[in-house]
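The chain contents come next:
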Amino acid sequence: MERYEPVLLPAVENLHRIDIYEAHGGYERIRKAFTMSPAKVIAEVKASGLRGRGGAAFPTGLKWSFMPAETDRPKYLCVNADESEPGSFKDRQILERNPHLLIEGILIAGWAMGIGTAYIYIRGEYESWARMVERALAEAHERGYIGARMRETFGTDYAIDIHVHRGAGAYICGEESSLMNSIEGLRPYPRIKPPFPAQRGLWGCPTTINNVETIANVPVIIERGAAWYASVGAEKQPGPILYGISGHVNRPGVYEFPTGMLLTELIYDVAGGVPGGKCIKMVIPGGTSMPPLRGDRIEGVRMDVESLKAVGCGIGTASLIVMDEDTDLLDVLTRIASFYWNESCGQCTPCREGTGWMFKILQRLQGGDGGPGDLDLLVSVAGNIEGNTVCALGEAAAWPVKYTIERFRSELEEHVRRHATKRSTGGPIRTLAGSETRIPISSQRENP
Ligand SMILES: Cc1cc2nc3c(=O)[nH]c(=O)nc-3n(C[C@H](O)[C@H](O)[C@H](O)COP(=O)(O)O)c2cc1C
Ligand code: SF4
């Protein structure tokens, strides 16, 4: 494995403190950005090839260029720190260990798009991380890096305010339009698109939403240049990336490396392999919303958008969940299905009903009351959700079920056969039509 020097999470003690951050070149990148025109900053981010780290890998410079340059309406930036995807825990490393990098990234993004107000939307459960960010913001304010005093500090006409907005513990609030509704104090239903946020976002004004890690990459691009950035890692999705590795590995954690690392390199060399030297049954490479891969098919697969697409998968949040040979896949699917059912906002029927059906069918199979036909039924329900919903939570719920069945069919059939003590004859409607439409709270709490 080649030597790599981290730039998002460098090994500098107390980097979260502003004096240490400044001593390592902090807030020099925004000074440099002010010597460039906003259009030049956007061009640089475009040329770098940076793609969003929040799940969809959308090109960041392109997204920024959708914001109107001339408008009499206020413009907003929302930094998405909701980080609720199961398996994903990388953004909080930036909030904790390098919050000024994020703040400096917001200043540069703000200058590039002419934004006057930014919100950092932090998931409700991240209480201590919200406090860490607030502390960093207070330090930056005191130094005159944020707010009206910026004009004096940097000698420009530009100023931006940055606020922390705390979520209340709903996964759906990480979806960008739901996040905006939440900030506005509305019920966080995802909005139908178009219009896209750059046209009508927060309070109907032009808005850009970016993930924490995406924004943290921006000062690095300004400091080292687009050409350097584009030369790091995978060609179609370059740059440094935070890999969150969890599950059956000896050293779980968040590791910074270039994009395009081999899955096997990450699991065996970086995360220390599987405890007890067991075989890998399944890997979910991008958080639970992404299709899983068979353990015997990961050889030679790289962690970047194009390589994962080629094997029917996605990079998502680059959060690898490793499962060894003893893993009960029905158990895994039931837990995942339970999560999406609980987190479905209920706005559209295929997701509201379908997530519940999938969970109930899986529970039935686990309880030994199902039959082999239930696997096809699950695929059919998943297929009726996919592509028929307002937001991508529908696909997030459907894909793990659909692809695990597709890729582990014979194992699941065998599992069902062994557990089938009784055969259900009425299908899921009979089961679901009873008075119980939601699992009891006590058992919901046992679920992830
Ligand atoms: C149900 C759902 C949950 C999401 N949760 C998050 C999240 O916690 N953090 C995040 O950055 N993006 C999340 N996203 C993606 C956002 O909608 C959006 O694409 C992203 O914040 C854009 O940032 P990026 O372009 O920098 O990746 C979620 C999407 C969906 C459909
Ligand atoms: S897909 Fe699910 S979470 Fe998304 S809007 Fe529809 S019901 Fe809500």
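One numbering rule holds for all chains: residues counted from 1, following each sequence as written. Labels follow written order: the first chain is A, the first ligand is 1, and so on. pLDDT decides what is reported in this predicted model: residues at 70 or higher carry local features, side-chain atom pairs at 80 or more are listed and counted, and totals for whole chains, interfaces and linings draw on all residues regardless.

Caption draft 1: The overall build of the protein chain, seen in detail. Helical segments are the DSSP runs of H or I of at least four residues, strand segments are the runs of E of at least two, and each set is numbered from the N terminus. Counting secondary structure elements, the protein chain contains 20 helices and nine strands. Each radius of gyration is computed over the set of C-alpha atoms, and the globule rule expresses the reference value as 2.2 Å times the number of residues to the power 0.38. Over its C-alpha atoms the protein chain spans a radius of gyration of 23 Å, differing by no more than 12% from the 22 Å that the globule rule assigns to 448 residues. C-alpha extents for the protein chain along the principal axes are approximately 75 × 50 × 35 Å. Here the protein chain holds 448 residues, and 50% of them are scored as buried. As a rule, residues whose C-beta atom has 12 or fewer other C-beta atoms within 10 Å are exposed, those with 20 or more are buried, and those in between are partly exposed; C-beta atoms are placed from the backbone.

Caption draft 2: Structural context of unusual backbone geometry. Here Lys193 and Pro194 are connected by a cis peptide whose omega angle stands at -5 degrees. As for its placement among the helices and strands, Pro194 is situated in the loop between helix H9 (176–183) and strand E4 (207–211). In the segment running from Pro194 into Pro195, the intervening peptide bond is cis, with an omega of 5 degrees. Within the secondary structure, Pro195 is located in the loop between H9 and E4. Positive phi, normally seen in glycine, also occurs at Ala318, with a value near 55 degrees.

Caption draft 3: A look at the confidence of the model for the protein chain. The share of residues in the protein chain with pLDDT of 70 or more is 94%, and the mean pLDDT across the chain is 93. Under a pLDDT of 50 for its full length, residues 424–448 has, in the predicted model, 21 contacts with residues more than four places off or in other chains. Per-residue confidence from the prediction method is given by pLDDT, with values spanning 0 to 100. Here, residue contact means that the backbone-derived C-beta atoms of the two residues sit within 7 Å.

Caption draft 4: Focus on the site of ligand 2. Taken together, 14 residues lie around ligand 2, and Cys345, Cys348, Cys351, Thr389 and Cys391 are the ones closest in. For the shell around ligand 2, the elements supplying multiple residues, two or more each, are helix H15 (349–366) and helix H17 (393–407). Any residue that is not Ala, Val, Leu, Ile, Met, Phe, Trp, Tyr, Cys, Pro, Asp, Glu, Lys or Arg is counted as polar, Gly included; the first ten are nonpolar and the last four charged. For the shell around ligand 2, the class distribution of residues is eight nonpolar, five polar and one charged. Only the C-beta atom, placed from the backbone, is used; a residue is near a molecule or strand if that atom lies within 6 Å of it.

Caption draft 5: The arrangement of the domain arrangement of the protein chain in detail. Domain extents, as shown, originate in an automatic or database domain assignment. Entries for the protein chain in the domain assignment read domain 1 (18–230), domain 2 (240–324) and domain 3 (329–446). A separation of 27 Å is found between the C-alpha centroids of domain 1 and domain 2. Contacts between the two partners involve 12 residues from domain 1, matched on the other side by 15 residues from domain 2. Taken together, the residues of the side of domain 1 that touches domain 2 sort by class into three nonpolar, four polar and five charged.

Caption draft 6: Structural context of the site of ligand 1. Close to ligand 1 lie 25 residues, the nearest being Gly52, Gly54, Gly174, Asn211 and Thr214. Going through the elements one at a time, E4 and H17 are the ones with two or more residues in the shell around ligand 1. With three residues, the single largest contributor to the shell around ligand 1 is E4. Grouping the amino acids of the shell around ligand 1 by side-chain chemistry returns nine nonpolar, nine polar and seven charged.

Caption draft 7: Main features of the sheet that holds strand E8 (residues 293–294). Whether two strands pair comes down to DSSP finding at least two bridges between them. What the five strands build is an open sheet, ordered E6-E5-E9-E7-E8; its pairing is mixed. Whereas interior strands pair on both sides, the edge strands pair on one side only; in this sheet they are strand E6 (253–258) and E8. On the sheet, helix H12 (residues 263–270) packs against strand E5 (240–247), E6, strand E7 (280–284) and strand E9 (319–324) and is oriented at approximately 65 degrees with respect to E5. Under this scheme, a helix contributes an axis fitted over its contacting stretch, all axes are lines through C-alpha atoms, and angles between N-to-C directions fall in the 0 to 180 degree range.

Caption draft 8: Just the sheet that holds strand E3 (residues 161–166), in detail. If you walk across this open sheet you meet the four strands as E3-E2-E1-E4, and the pairing is parallel. Looking at which strands have only one partner, the edges of the open sheet turn out to be E3 and E4. Between one strand axis and the next, the sheet turns by 20 degrees as a mean value, whatever way the strands run. Its contacts with the sheet place helix H7 (residues 127–142) against strand E2 (117–122) and E3, and it is angled at close to 165 degrees to E3. Of the strands in this sheet, strand E1 (76–81) and E4 touch helix H10 (residues 212–224), which is tilted by about 90 degrees from E4.

Caption draft 9: Local environment of the pairing of E2. Counting buried positions along E2 gives five out of six residues, so the element sits mostly inside the fold. Both E1 and E2 contribute to a ladder of six bridges, which runs parallel. Looking across to E2, one finds that Cys78 is bridged to Tyr119. Of the pairings in the sheet, the one linking E2 to E3 comprises six bridges and is parallel in character. Along E3, the bridge assignment pairs Ile120 with Val164.

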